[in-house]
Amino acid sequence: MKDTNYTSKKNLALILIIASLGYFVDIYDLVIFSIVRTQSLKDIGIAEDAIRESGMYIINMQMAGLLIGGFIWGTLGDKYGRLKVLFGSILLYSVANIANGFVHNVDAYAIIRLIAGIGLAGELGAGITLVSESMSKEKRGYGTMIVAGIGVLGAAAAFFVAEYFSWRNAYFTGGGMGLLLLLLRVGMLESGMFKKASHNEDVVKGNFFMLFGKRERGLRYIYCICISLPIWFVVGILITQAPELGKALGATETLSAGRGIMLCYIGTSLGEVIAGLIAQWSRSRRLSLAIFHIMSVIVVCLYLGSHGITPERFAVLAFLMGFSVGYWASFITIASEQFGTNLRATATTTAPNFVRGALIPVTFLFEFLVRQYDIISAGYIVMLLLTGIALFALWRLKESFGKDLDFVEG
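Since we're looking at a predicted model, the values are computed, not measured. (Residues numbered from 1 in each chain as written. Predicted model: local features only at pLDDT ≥ 70, side-chain atom pairs only at ≥ 80, totals over all residues. Heavy atoms only, no water.)

**Considerations on the layout of surface pockets**
Of the volumes computed, that of the largest pocket is approximately 900 Å³. For the lining of the largest pocket, the secondary structure elements donating two or more residues are helix 1 (9-43), helix 2 (51-80), helix 7 (154-164), helix 12 (242-248), helix 13 (257-282) and helix 15 (311-324). Here the lining of the largest pocket takes seven residues from helix 1, the largest share from any one element. Taken together, the residues that form the lining of the largest pocket break down as 17 nonpolar, nine polar and ten charged. Here the second largest pocket is characterised by a volume of approximately 230 Å³. What lines the second largest pocket is simply Arg215, Glu216, Leu219, Arg220, Tyr223, Gln338, Arg396, Leu397, Lys398, Glu399 and Lys403. (1 Å grid on protein atoms, 1.4 Å probe; cavity = no way out; pocket = protein on both sides within 12 Å on 5 of 7 lines; lining within 4 Å. Points joined across faces, edges and corners; volume = space filled by probe spheres on them. Helix = DSSP H or I, 4+ residues; strand = E, 2+ residues; numbered from the N terminus. Nonpolar A, V, L, I, M, F, W, Y, C, P; charged D, E, K, R; others polar.)

**A word on the packing of aromatic side chains**
Scanning the model with the defined rule gives 17 aromatic pairs in all. Their ring planes at 70° and their centres at 6.2 Å tell us that Tyr221 and Phe339 sit as a pair that is edge-to-face. Of this pair, Tyr221 sits in helix 10 (residues 215-226) while Phe339 sits in the loop between helix 16 (328-337) and helix 17 (341-357), placing them 118 residues apart in sequence. A relative accessible area of 0% means that Phe339 is categorised as buried. On the basis of relative accessibility, which here comes to 1%, the residue Tyr221 falls in the buried class. Put simply, the rings of Phe71, Phe212, Tyr221, Phe339 and Phe354 pair up and form one aromatic cluster. Sitting over the ring of Trp395, Arg396 keeps its end group 5.4 Å from the ring centre. (Phe/Tyr/Trp six-rings, centres within 6.5 Å; stacked < 30°, edge-to-face > 60°. Buried < 20%, exposed > 50% of the residue type's maximum accessible area, 1.4 Å probe, protein only. Lys NZ or Arg CZ within 6 Å of the ring centre and 35° of its normal.)

**Some thoughts on the pattern of salt bridges**
In this structure the tally under the stated criterion is four salt bridges. Between Glu244 and Arg37 there is a salt bridge; the shortest N-O distance is 3.8 Å. With Glu244 in helix 12 and Arg37 in helix 1, this residue pair connects regions lying 207 residues apart in the sequence. Its relative accessible area of 22% is what places Glu244 among the partly exposed residues. Judged by its relative accessible area of 4%, Arg37 falls in the buried class. Salt-bridge contacts for Arg220 lead to Glu216; the nearest nitrogen and oxygen are separated by 2.7 Å. Of this pair, Arg220 and Glu216 both sit in helix 10, separated by four residues, roughly a single helical turn. Note on Arg220: relative accessible area 12%, which makes it buried. We classify Glu216 as partly exposed; its relative accessible area is 47%. (Salt bridge = Lys/Arg side-chain N within 4 Å of Asp/Glu carboxyl O.)

**Let's talk about empty space enclosed by the protein**
Taken as a whole and assessed by the stated rule, the structure comprises five cavities of 30 Å³ or more. Considered as a void within the structure, the largest cavity measures approximately 100 Å³ in volume. Lining the largest cavity we find 13 residues, and of these Tyr23, Ile231, Tyr265, Thr268 and Trp328 sit closest to its centre. Mapped onto the lining of the largest cavity, the elements with two or more residues apiece are helix 1, helix 11 (229-239) and helix 13. By volume, the second largest cavity is sized at about 70 Å³. Along its surface, the second largest cavity is lined by Leu30, Val31, Ser34, Ile59, Gln62, Met63, Trp232, Val235, Gly236, Thr240, Ile261 and Leu359. Broken down by secondary-structure element, the contributors of at least two residues to the lining of the second largest cavity are helix 1, helix 2 and helix 11.

**Some remarks on the nonpolar core**
Among the nonpolar cores identified, the biggest contains 124 residues, and Val31, Tyr109, Trp232, Phe233, Tyr265, Tyr303 and Trp328 are the most heavily contacted of them. Element by element, the count of residues in this core is highest for helix 1, at 15 residues. Filtering out sequence-adjacent residues up to four positions away, Tyr265 remains in contact with Ile27, Val31, Val152, Ala155, Trp232 and Val235. (Core = buried A, V, L, I, M, F, W, Y, C linked by side-chain atoms within 4.5 Å. Contact = heavy atoms within 4.5 Å.)

These results come straight from atomic positions and should not be treated as a statement about function.
Encoded structure:
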């Protein structure tokens, strides 16, 4: 008898295409500020010596929005369905990005990035949840690998758009792509597992605090967050602040954060595929993540030790750093597989946004260490600390490869 939890091949193909394109637009809009940071802040009248501080304020507001949005969209996804979250989140961040093209001061810039962050928080978690619940337990890793491998190329698109058009038009482009994507989503079907669980009125759905109702479940959730902490430190600080790090390393020329982000995400796209394949071949997501964590420490140390770094060497290292943190989809798949259908969207949406939001305290720690030592030493210390936490959390989590997802949390 055919398992009705899994969808038809035609609808599955549609789900994979839309989830991949959705993540593509999500990543474009997520990194566009990091790419246009310097030029956009100069254009609205920020002095050159204040650009770094103003940029950190705006990126922290965006990350705060991701945290807030994680709560909103995660609970809505378990209460009302994955598709409603996909529609609502993309509409919000598309409108916000269009509005970003009209800003003329830092506070307006920051507030709109906060709103955009709230919208961006719902896209990937809902998409991965829908893909995971629509595929068989043996093959769902391939589905999330495809979504991530295609999606992260949105960063490359953001770089090229910003390279050839003004920063305001780059924001308009991101918002426009999101609105077009809404039209493609017409006709998608809801997850069979969600529909089955939604008919059971005795099951509590979308209650974030239920994640901490049991000690074991709460620790499971915290470990899911911790296994991916190094990613946004690498992208959000080590790559984004490439001009400042390059200066401290005695770079032969000013390093381009925009080019670094593009190459980082191209590397990440390849890394997502390789991480997914390792997990499928070894039947272990934990092993795949452990390999990539060790690799990322090695590459970051090579970057921070590159005295007299050239733009060409930075380009190679940015690509390799991106490749080494290309386990985002594997991390979200693990989070999705750890929890029952009634809490899956909540966990899968909030966990990655807590990771993104964790960049705020990580930034404060990094800035504190920069003042105590220097920017290079701070980079070493924070990277080693975050990787140590991630490996410990990974060791504490149970392997979830091939786990049956048709269950609910009591």
